[in-house]
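Structural overview for review
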Amino acid sequence: MDTREKRDKKIRRHRRVKAKVIGTSERPRLSVFRSANHIYAQLIDDVKDKVLISVSDSTTEIRQKGNKVFLARILGKLIGEKAQEKKIKKIVFDRAGYKYHGRVKALADGAREAGLEF
C-alpha cells in the first residue's frame with residue numbers, strides 16, 4: 001500500500017466520522033490530531049464555531065520524558081481536568097479518521113479517567 005492510498009483511506013474515514021460527530025455547547029467535540037512526534041486535542045463547539053479548550057503534548061504543563069502513548073494519556077487527563085473546571089462533563093469523541101488504537105486510545109482513556117463521559 002503506497003502513501004497516497006493510505007492518505008486516501010484516512011480521508012475517507014475522517015469524512016465518515018465527521019458526518020456523524022457534531023459538537024454542541026452541551027456536548028462539545030473532543031477533536032484529536034496526531035502528528036509523527038506530537039498529539040493535540042481540542043474541545044470544540046461546532047454550533048458556535050468556537051474552540052473551548054486546546055492542549056498539546058508540547059505545552060509547558062506536560063513537558064515530561066516518556067513514550068508517546070504515556071504522554072497521550074497525560075494529555076487526556078489534562079484536557080479532562082480543564083473541561084471539569086469549565087463544568088463540561090459529557091463530550092463527543094472525534095478521532096478524525098485515526099484508528100482507535102495507540103495514542104488516540106490512550107488520550108481517550110486519560111480523558112475518561114479525568115471524569116469525561118463519552
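Computed from a predicted model, the values in this text were never measured in an experiment. (Residues numbered from 1 in each chain as written. Predicted model: local features only at pLDDT ≥ 70, side-chain atom pairs only at ≥ 80, totals over all residues. Heavy atoms only, no water.)

1. Considerations on the pairing of strand 1 (residues 29-34)
Quick reminder of the rule: In this scheme, strands are said to pair when DSSP sees at least two bridges between them. Think of it this way: any DSSP run of H or I at least four residues long counts as a helix, any run of E at least two long counts as a strand, and we number them from the N terminus.
One ladder, built from six bridges, connects strand 1 with strand 2 (residues 39-45); its direction is antiparallel. Within the sheet, the bridge partner assigned to Arg 34 lies in strand 2 and is Ile 39. Counting the residues between successive antiparallel strands, the hairpin from strand 1 to strand 2 contains four residues. As defined by bridge partners, strand 1 adjoins strand 4 (residues 92-94) across three bridges and the pair is classed as parallel. The residue bridging Ser 31 from the neighbouring strand is Asp 94, located in strand 4.

2. Observations regarding the side chain of Asp 109
The criterion, for reference: Three labels apply to residues, based on accessible area from a 1.4 Å probe with only protein chains included: buried if under 20% of the type maximum, exposed if over 50%, partly exposed otherwise in between. The criterion used for residue contact is that any of the two residues' heavy atoms lie within 4.5 Å.
Of note, Asp 109 is situated in helix 3 (residues 103-113). We classify Asp 109 as buried; its relative accessible area is 18%. Not counting residues up to four positions away in its chain, the partners in contact with Asp 109 are Arg 73 and Tyr 100.

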